[in-house]
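# Per-entry structural report
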Amino acid sequence: MQRPNTKKSITLTSTALMALALSGCTAMGGGNIPSASSPITPTEAKQGSEAHPQLLAEFGGAMTGPYANYVERVGKNISVQSGLGNAQDDFNVSLLNSSVNNAFAIPGGYVYVTRQLVGLMNNEAELAGVLGHEVGHVAARHSAKRQARSQRNSILGVLGQVASSVLLGDSGLGKIGQQLSSQVPQLATLSYSRNQELQADELGIQYLNNAGYDPRAMATLLSSLAAQNSLDAQLQGRGNATMPAWASTHPDPASRVQTALGKAQGMTGVTNRDTFLARIDGIMYGDDPKQGIIEGSTFTHPDLRLSFSAPQGFYMVNGTRAVSINGDSGRGQLSTGPYNGNLDTYVRGVFTALGGDQQTIAPQEMKRTTVNGIPATYGTARVNNGQSNVDVVVFAYEFSKTSAFHFMTISQSGRSGTFNPMFQSMRRISSAEAARIVPRKVDVVTVRRSDTVQSLANRMAYDTGKVERFRVLNGLSSSQGVTAGQKVKIVVK
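It should be emphasised that the depicted structure is a prediction, and the values quoted were computed from it without experimental measurement. (Residues numbered from 1 in each chain as written. Predicted model: local features only at pLDDT ≥ 70, side-chain atom pairs only at ≥ 80, totals over all residues. Heavy atoms only, no water.)

### Topic: the overall build of the protein chain
If you tally the helices and strands in the protein chain, you get 18 helices and 17 strands. The buried share of the protein chain, reckoned over its 493 residues, is 57%. Long-range contacts, defined as pairs at least 24 residues apart, comprise 68% of the intrachain contacts of the protein chain with a sequence gap of at least 6. (Helix = DSSP H or I, 4+ residues; strand = E, 2+ residues; numbered from the N terminus. Buried < 20%, exposed > 50% of the residue type's maximum accessible area, 1.4 Å probe, protein only. Contact = heavy atoms within 4.5 Å.)

This is the structure in structure tokens:
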């Protein structure tokens, strides 16, 4: 979560902005859908240019410098293979400052990949493969075709496909719950069908082959994504590997590995592994301290000088505008908005925004309290979501006379107490504690004769899962070792 802009509310801004942005990604202005791989139309170019600034803002902004320049060069080279444009300058490729594994493309020649996903990759062909896959979705007009069938043209309709919830139902409140649980800024693409995924894989492999890359890189990257999703679930104590990330909007990467390998059978090409590792050496990995960091179950923001812990059994996802808290028994998020010095008014305003145009939501009761020396006010409302009653809680804290932060949570009726430990954990952090928070980065090292997987993993800047993280980061199976002279990635502070 970035430092708040107090000039405007960011409580529900994510939904509004993404609704606008995705209108370019999911609708074709009512006209005929262009045939696969036909050039970018003027309408698509206009839609993409309008969506681009908002997408950058939602994903932490575009990075600049050597890392971004390298990704841009590879991305433009692979994008031009699609036939959407005749020149590399027809495409705009952005490296996003986001700690979520994600990549996407929108009509108009706009292609995006996060620094986190780049850090997971192990060669240039994998980078080209991911971007080629995304361009393949655009070339085949997949989002437009799904939009034409669904007859929806807002982000809430998209989220209905991506993150439906039995707990929260299909009402307006259910859609708010989807926002809370899915971290809207990270879900910038439609959930594609299996056939569309396979077609995009096939197109991406074709682009790789045309550009001279090893088409098998598509399969190795999909394998790394599947392993990363599984590891995330394990480390977060979840029973499944679903995450608001590239592999969940692009489902089932594990089952597509063999299909991708089959499509690439008999093809060869370069991977440019050493070049890739040299170009990404030092890239930030994980959370950017300017947006706050998640360590286990604790979120800490050095600039905002706050910290809290999620309840046991819940996991968090950090976004540019909010931190989402997700679990089987409820969902929530930490965010902020304009504050005029009155916590009661602030809390009631959040409830009003939650209801939107579809429902009127107001707290049945409001209580004032103090949490670790911080003035706080909370309100609770019991609302029917169309299937059952759910409890909505807004718990706000006054950090200064002009600054407030709040949790919004939704849980089953009578279960809102699940979040009480989190509400009570909010605290200010000292300047000394804030100064100790530094970013992690990828460090490319050469394996020495004395090195083993264990010794290299011991250098990883994590308290848990060192060996597992090292293997996933380097695309190593549980039985693979390392050899002297090999270049590998570790994550350091």
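### So, the packing of aromatic side chains
The full count for this structure, using the stated rule, is 14 aromatic pairs. Plain terms: the ring middles of Tyr378 and Phe395 are 4.9 Å apart, the flat faces sit at 5 degrees to each other, and that makes the pair stacked. Pair noted here: Tyr378 is in strand 12 (residues 374-384) and Phe395 is in strand 13 (residues 389-400), with a separation of 17 residues, a long-range link. Judged by relative accessible area, which is 23%, Tyr378 ranks as partly exposed. Relative to Phe423, the ring of Phe395 has its centre 4.7 Å away and its plane inclined at 20 degrees; by these criteria the two rings are stacked. (Phe/Tyr/Trp six-rings, centres within 6.5 Å; stacked < 30°, edge-to-face > 60°.)

### Description of the nonpolar core
If you look at the biggest cluster of nonpolar residues, it comprises 61 residues, and the most contacted ones within it are Val113, Val118, Leu127 and Phe470. By residue number, the principal contributor to this core is helix 5 (residues 124-139), which donates eight residues. Listed in part, the 24 residues of the second largest apolar core include Leu306, Phe308, Ala376 and Phe399. (Core = buried A, V, L, I, M, F, W, Y, C linked by side-chain atoms within 4.5 Å.)

### Comments concerning the pattern of salt bridges
This model, assessed by the stated rule, comprises 13 salt bridges. Between Asp391 and Arg382 there is a salt bridge, and its shortest N-O distance comes to 2.7 Å. Residue Arg382 is classed as partly exposed on the basis of its relative accessible area of 46%. Overlapping salt bridges, with partners in common, bring together Glu72, Lys76 and Asp89 in one network. (Salt bridge = Lys/Arg side-chain N within 4 Å of Asp/Glu carboxyl O.)

### Looking at the confidence of the model for the protein chain
Averaged over every residue, the pLDDT of the protein chain is 81; the share at 70 or more is 77%. Note on residues 6-31: pLDDT under 50 across the span, and 69 contacts to partners over four residues away in sequence or across chains. The low-confidence segment residues 241-249, where pLDDT is below 50, has 35 contacts with residues more than four positions distant or belonging to other chains. (pLDDT = per-residue confidence, 0-100.)

### Quick word on the packing of helix 5 against helix 9 (residues 194-211)
Remark: helix 5 packs on helix 9, axes separated minimally by 7 Å, with the N-to-C direction vectors making an angle of 125 degrees. Judged by the angle between their axes, helix 5 and helix 9 are oblique. The way helix 5 lies across helix 9 gives a crossing that is right-handed. Contacts from Ala125, Ala128, Gly129, Gly132, His133, Val135, Gly136, His137 and Ala139 in helix 5 reach Gln196, Glu197, Ala200, Asp201, Leu203, Gly204, Tyr207 and Leu208 in helix 9. Residues that form the contact of helix 5 with helix 9 fall into these classes: eight nonpolar, seven polar and two charged. (Axes fitted to C-alpha atoms, helices over the stretch in contact; angles between N-to-C directions. Parallel < 35°, antiparallel > 145°, perpendicular 65-115°, else oblique. Left-handed = near helix turned anticlockwise from the far one by under 90°. Nonpolar A, V, L, I, M, F, W, Y, C, P; charged D, E, K, R; others polar.)

### Side note on unusual backbone geometry
The phi dihedral of Asn272 falls on the positive side, at around 55 degrees, and the residue is not glycine. Take Asn272: it is sitting in the loop between helix 12 (253-263) and helix 13 (273-280).

### Observations concerning the sheet that holds strand 1 (residues 92-96)
Taken in spatial order, the three strands of this open sheet run 1-3-2, and their pairing is mixed. A strand with exactly one partner marks an edge of an open sheet, and here the two such strands are strand 1 and strand 2 (103-106). Going across the sheet, the axis of each strand differs from the next one's by a mean of 15 degrees, ignoring polarity. Set on the sheet, helix 2 (residues 42-58) makes contact with strand 1, strand 2 and strand 3 (110-114); between it and strand 3 the angle comes to about 25 degrees. The strands touched by helix 3 (residues 66-79) within the sheet are strand 1 and strand 3, with strand 1 carrying the most contacts at an inclination of about 140 degrees. (Pairing = 2+ DSSP bridges.)

### Quick word on the packing of helix 3 against helix 5
Relative orientation of the contacting elements helix 3 and helix 5 amounts to 55 degrees, with a least axis distance of 9 Å. One finds that helix 3 runs oblique with respect to helix 5. Relative to helix 5, the crossing made by helix 3 is right-handed. Residues Tyr70, Val71, Arg73, Val74, Gly75, Ile78 and Ser79 of helix 3 form the contact with helix 5, whose participating residues are Glu124, Leu127, Ala128, Leu131, Gly132 and Val135. Here the residues of the contact of helix 3 with helix 5 are counted per class, giving eight nonpolar, three polar and two charged.

### With respect to helix 18 (residues 466-473)
Listing the buried residues of helix 18 in full gives Phe470, Arg471, Val472 and Leu473. On the buried face of helix 18, the contacting elements are helix 4 (115-120), helix 10 (217-235), strand 4 (284-285), helix 17 (453-457) and strand 17 (487-492). The first or second residue beyond helix 18 is Gly475, which carries a positive phi of 65 degrees.

### Notes on the sheet that holds strand 9 (residues 323-327)
If you trace the seven strands from one edge of the open sheet to the other, you get 8-9-10-14-13-12-11, paired in antiparallel fashion. Looking along the sheet, the strands with just one partner apiece sit at the ends: strand 8 (315-318) and strand 11 (365-371). Here the strands of the sheet are splayed against their neighbours by 20 degrees on average, with no regard to which way each runs. Across seven bridges, strand 11 lies against strand 12 in antiparallel orientation. Directly across from Thr369, in strand 12, lies its bridge partner Ala376. Contacts from helix 14 (residues 343-355) reach strand 10 (330-336), strand 11, strand 12, strand 13 and strand 14 (403-412), with the element oriented near 140 degrees to strand 13.

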